[in-house]
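Commentary on secondary and tertiary structure
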Amino acid sequence: MTHRLKHRIKKIILVKNLSDPDIKGRKLCGFLVDNEICIDSGMCRKEKIKTLIHELAHSIWDDAKEMDVWKIEGLLYQAFSKAQKDILWRHIKTARMGKIPRK
Ligand SMILES: [Zn+2]
């Protein structure tokens, strides 16, 4: 994460069986709340990295439509080098397990 993103995103939280706090029973891969990104802990490395990119995109382009964020996620995942993905992975790997923060 760049210096700038560190100011934008305070932390990453790995959540077991992540689901939408507003819609009962709706499973989620990721969730952005305030400046914290929740990622479902049960996914593989690739899915976690894609989810982090997805939630970062929501944070940066906060008025973007969901469909456009999916496109950004795909484009960035393809564009990032292995070294860049390793940096994102390091942030996920060192994240703590926890619960979705209450608003
Ligand atoms: Zn989204």
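All of the points below concern the structure found in this document. (Residues numbered from 1 in each chain as written. Predicted model: local features only at pLDDT ≥ 70, side-chain atom pairs only at ≥ 80, totals over all residues.)

Of all hydrophobic cores here, the largest spans 14 residues; its most connected members are Ile-37, Cys-38, Ile-39, Leu-52, Ile-53 and Leu-56. Mapped onto this core, the elements with two or more residues apiece are strand E1 (11-15), strand E3 (36-40) and helix H2 (45-60). If one sorts the elements of this core by residue count, H2 sits on top with five residues. Dropping the residues within four chain positions of it, Leu-52 is found in contact with Ile-37, Ile-39, Leu-88 and Ile-92. (Core = buried A, V, L, I, M, F, W, Y, C linked by C-beta atoms within 7 Å. Buried ≥ 20, exposed ≤ 12 C-beta atoms within 10 Å, placed from the backbone. Helix = DSSP H or I, 4+ residues; strand = E, 2+ residues; numbered from the N terminus. Contact = placed C-beta atoms within 7 Å.)

Running from amino to carboxyl end, H2 crosses helix H4 (residues 82-93) at an angle of 90°, the nearest separation of the two axes being 10 Å. Comparing their axes, H4 and H2 come out roughly perpendicular. In this structure, H2 uses Arg-45, Lys-48, Ile-49 and Leu-52 to contact H4, whose residues at the interface are Lys-85, Leu-88, Trp-89 and Ile-92. Here the contact of H2 with H4 is built from residues that sort into five nonpolar, no polar and three charged. (Axes fitted to C-alpha atoms, helices over the stretch in contact; angles between N-to-C directions. Parallel < 35°, antiparallel > 145°, perpendicular 65-115°, else oblique. Nonpolar A, V, L, I, M, F, W, Y, C, P; charged D, E, K, R; others polar.)

By the bridge criterion, five bridges tie E1 to E3 in an arrangement that is parallel. By the bridge assignment for E3, Ile-13 is matched with Cys-38. Across two bridges, E1 lies against strand E4 (residues 96-97) in parallel orientation. Bridging across to E4, Leu-14 finds its partner in Met-97. (Pairing = 2+ DSSP bridges.)

Next up on the list: the sheet that holds E1. Two strands in a sheet stick together by hydrogen bonds in their backbones, pointing the same way (parallel) or opposite ways (antiparallel). Pairing is mixed in the open sheet, where four strands are placed in the order E2-E3-E1-E4. Two strands bound the open sheet, and with one partner strand each, they are strand E2 (30-33) and E4.

This paragraph deals with unusual backbone geometry. Backbone geometry at Asn-17 places phi at a positive 50°, although glycine is not the residue there. In the Ramachandran plot, Asp-34 falls in the positive-phi region, its phi being about 50° despite a non-glycine side chain. Relative to the assigned elements, Asp-34 resides in the loop between E2 and E3. Residue Asp-34 is classed as exposed on the basis of its 9 C-beta neighbours within 10 Å.

Before going further, it helps to examine the packing of H2 against helix H3 (residues 66-79). The N-to-C vectors of H2 and H3 enclose an angle of 130°; their axes lie 9 Å apart at closest approach. Judged on the interaxial angle alone, H3 and H2 are oblique. The chirality of how H2 crosses H3 is right-handed. Counted together, Lys-50, Ile-53, His-54, Ala-57 and His-58 of H2 and Val-69, Ile-72, Glu-73, Leu-76 and Tyr-77 of H3 form the full contact between these two elements. Of the residues assigned to the contact of H2 with H3, the class counts are six nonpolar, two polar and two charged. (Left-handed = near helix turned anticlockwise from the far one by under 90°.)

Remember that the coordinates give geometry; whether it matters functionally is a separate question.
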